[in-house]
Amino acid sequence: MKIIYIDNNATTKVADEVIQEMLPFLGELYGNPSSTYGFAKQVDKKIKQARQRVADLINAEPKEIIFTSCGTESDNTAIYSAIKAFPEKKHIITSSVEHPAISKVCTYLEKTKGYEITFVPVNKKGLLDLDLLYSSISNNTALISLMWANNETGVLFPIKEIAEKAREKGILFHTDAVQAAGKVAIDVKKVSIDMLSISGHKFHAPKGVGALYVKKGFKISSLLIGGSQENGQRGGTENTASIIGLGKACEIARKELPIMNNKVRKLRDYLESQLLEKISGSSVNGDLDKRLSNTLSIGFDGVRAESILSLLDKKKICASSGSACTSECVKISHVLMAMKTPFKSGAGTIRFSLSRYNTKKEIDYIITTMIAVIQKLRKKEY
Ligand code: PLP
């Protein structure tokens, strides 16, 4: 039986076209792009093309793209660069629902380096408290870092508006666009962003490659000090095949954005409406409109997500939960906690995240399976 993969916010299948583009650079074209002979120059040329393709996805200049090892490195570098650029400023604004690649660094700075961190809260729909955000800006603020799209609920923050405010106040603005890139249109010429993080494996490039957009004029402080790669901004011989794969994935994502917003959205909406209709005690987490078109976070009262996932796994369906199960208790995720999601639905929350590869047939199978699974568990767990 074929795997039904509906966990695309965790990672995605590498697209066949991406694999084809990468293969020669894992095989015969193994030159180091920094070498000066013709054999290596072919690799350098492909890296340049990849940089252009990544830039095109967000309407940036190729010089503004720095390749990194993952979204986490991009996020960490953005924070590190901001605090290095403004050592006298000791305040960072972020949100209560960020990925640990941002929130753990902020907590570390708070606990060990005397930084004040404002974790802006969200409401029940996962939307930011903008009044609190704006009123917390001060002369001491070094950085505002907010995610474009939430990985658990898909909720979108009003990045354009916040970035504009940051620009007016002269404060650096970074966005973690790891879940947004390839899923929503991003134009850095229209949105005043200083740094933006991307991760390849979230949109059909391989794992272990990412990028950081850095607006012309700002100099980052890399976590890796070494050779003069990435225009002297990040040391380390390039992960050539993966960078080339990331470039191809960006090219495809740009072309296929309308598919994301039509076909994928229709399938997600169908899944959502069927589950809500056919399973009582079910509710969607997050704002219904300001949301990624591929994500559905849905809670089922009175059942444990771990039990649902385990039965889904037996039916070869891969999804994820909004909670973690420890030996003592069920802990709902920090995102659902921040949204004050009631425990009874939070503990039974499943995240379905689609990609352009999902089909109507798969969604129908998931719906039928989910109805049977929840029925079975409710009989047992009540
Ligand atoms: N930021 C967000 C919103 C994410 O969802 C993830 C990964 O799940 C990351 C950052 C980290 O990206 P990576 O896995 O490439 O380190």
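Here, residues in each chain are numbered from 1, in the same order as that chain's written sequence. Restriction of local features to residues with pLDDT of at least 70 applies here, the model being predicted, together with a cutoff of 80 or more for giving and counting side-chain atom pairs; totals for whole chains, interfaces and linings are based on all residues. By convention in this description, side-chain values take in all heavy atoms of the structure and omit both hydrogens and water.

Bringing the layout of surface pockets into the picture now. Detection works on a 1 Å grid of protein atoms alone, calling trapped sets that fit a 1.4 Å probe cavities and calling open sets with protein on both sides within 12 Å along at least five of seven lines pockets, with lining residues defined by an atom within 4 Å of a point. Grid points are joined across faces, edges and corners, and a volume is the space filled by probe spheres set on the points. One number sums up the size of the largest pocket: a volume of about 280 Å³. When residues of the lining of the largest pocket are traced back to their parent elements, those giving at least two are α2 (38-58), β2 (65-68) and α7 (229-232). A run of H or I in DSSP counts as a helix once it spans at least four residues, and a run of E counts as a strand once it spans at least two, with each numbered from the N terminus. Examining the composition of the lining of the largest pocket, we find that four residues originate from one element, α2, more than from any other. Residue type decides the class: Asp, Glu, Lys and Arg count as charged, Ala, Val, Leu, Ile, Met, Phe, Trp, Tyr, Cys and Pro as nonpolar, and the leftover types, Gly among them, as polar. Counted by class, the lining of the largest pocket contains five nonpolar, four polar and six charged residues. Of the volumes computed, that of the second largest pocket is approximately 200 Å³. Around the second largest pocket, the lining comprises 18 residues; the ones closest to its centre are H99, D176, V178, Q179 and K202.

What follows is about the sheet that holds strand β9 (residues 282-284). Think of a sheet as strands paired side by side through backbone hydrogen bonds, with each pair either parallel or antiparallel. Criterion used throughout: strands pair if DSSP finds at least two bridges between them. Spatially, the four strands line up as an open sheet ordered β9-β10-β15-β12, and their pairing is antiparallel. This sheet does not close on itself; its edge strands, each paired only once, are β9 and β12 (320-321). As paired strands, strand β10 (residues 295-300) and strand β15 (residues 349-353) are joined by five bridges and run antiparallel to one another. Among the inter-strand pairings, I298 is bridged to a residue of β15, identified as I350. It only takes one pair of heavy atoms within 4.5 Å for two residues to be counted as in contact. A fitted line through C-alpha atoms serves as each axis, taken over the contacting stretch for helices, and the angle formed by two N-to-C directions is quoted from 0 to 180°. Where helix α8 (residues 240-278) meets the sheet, its contacts fall on β9, β10 and β15, and the angle it forms with β10 comes to roughly 10°.

All right, on to the pairing of β2 then. Think of it in three bands: with a 1.4 Å probe and only protein chains considered, a residue is buried below 20% of the maximum accessible area for its type, exposed above 50%, and partly exposed in between. What you see with β2 is no split at all: I65 and F67 on one side and I66 and T68 on the other are buried throughout. Where β2 lies against strand β8 (residues 210-214), four bridges are found, and the strand directions are antiparallel. For I65, the partnering residue across the bridge sits in β8 and is Y213.

Here we come to the packing of aromatic side chains. Ring geometry is summarised as follows: Phe, Tyr and Trp rings, the Trp one being its six-membered ring, pair when their centres sit within 6.5 Å, and such pairs are stacked at plane angles under 30 degrees, edge-to-face over 60 and tilted between the two. Within this structure, the stated rule accounts for one aromatic pair. Between the aromatic rings of Y30 and F39, the centroid separation amounts to 5.1 Å while the plane-to-plane angle is 75°, which identifies the pairing as edge-to-face. Owing to a relative accessible area of 62%, Y30 belongs among the exposed residues under this scheme. We call a charge positioned above a ring when the Lys NZ or Arg CZ atom is no farther than 6 Å from the ring centre and deviates by at most 35 degrees from the ring normal. Note that K89 overlies the ring of F86, its terminal NZ or CZ placed 5.1 Å from the centroid. Of note, K165 hangs over the ring of Y134, and the distance from its end group to the ring centre comes to 4.8 Å.

So, about unusual backbone geometry. Not every positive phi belongs to a glycine, and N59 is a case in point at roughly 55°. In this structure N59 comes out as partly exposed when scored by relative accessible area, which is 32%. The backbone phi angle of K340 is positive, close to 55°, even though this residue is not glycine. Among the structural elements, K340 can be located in the loop between α10 (334-338) and α11 (343-346).

Glancing now at the domain arrangement of the protein chain. Source of the domain bounds: an automatic or database domain assignment. When the domains of the protein chain are assigned, the result is domain 1 (16-255) and domain 2 (257-378). Placing the centre of domain 1 and that of domain 2 at their C-alpha centroids yields a distance of 28 Å. With 29 residues of domain 1 in contact, the opposing surface of domain 2 contributes 24 residues. Once two parts are brought into contact, the accessible area they lose, counted with a 1.4 Å probe and summed over both, makes up the buried area. Across the interface of domain 1 and domain 2, roughly 2200 Å² is buried in total on both sides, 59% from carbon and sulfur atoms. The largest per-residue losses of area from domain 1 upon contact with domain 2 belong to E152, T153 and K183, which jointly make up 30% of the total buried on that side. Definition used for salt bridges: Asp or Glu carboxyl oxygen within 4 Å of a side-chain nitrogen of Lys or Arg. Counting the contacts that link domain 1 with domain 2 gives one salt bridge. Here D287 ties to K125 by a salt bridge, and the two come within 3.9 Å at their closest N and O atoms. Distance and chemistry together define a polar contact, namely a pair of N or O atoms within 3.5 Å, with one atom able to donate a hydrogen and the other to accept it when in protein, and with adjacent residues in sequence counting only for side-chain atoms on both sides. For the pair domain 1 and domain 2, the number of links is seven residue pairs in polar contact (both at pLDDT 80 or more). Looking at the side of domain 1 that touches domain 2 element by element, the count peaks at four residues for α8. Grouping the amino acids of the side of domain 1 that touches domain 2 by side-chain chemistry returns eleven nonpolar, ten polar and eight charged.

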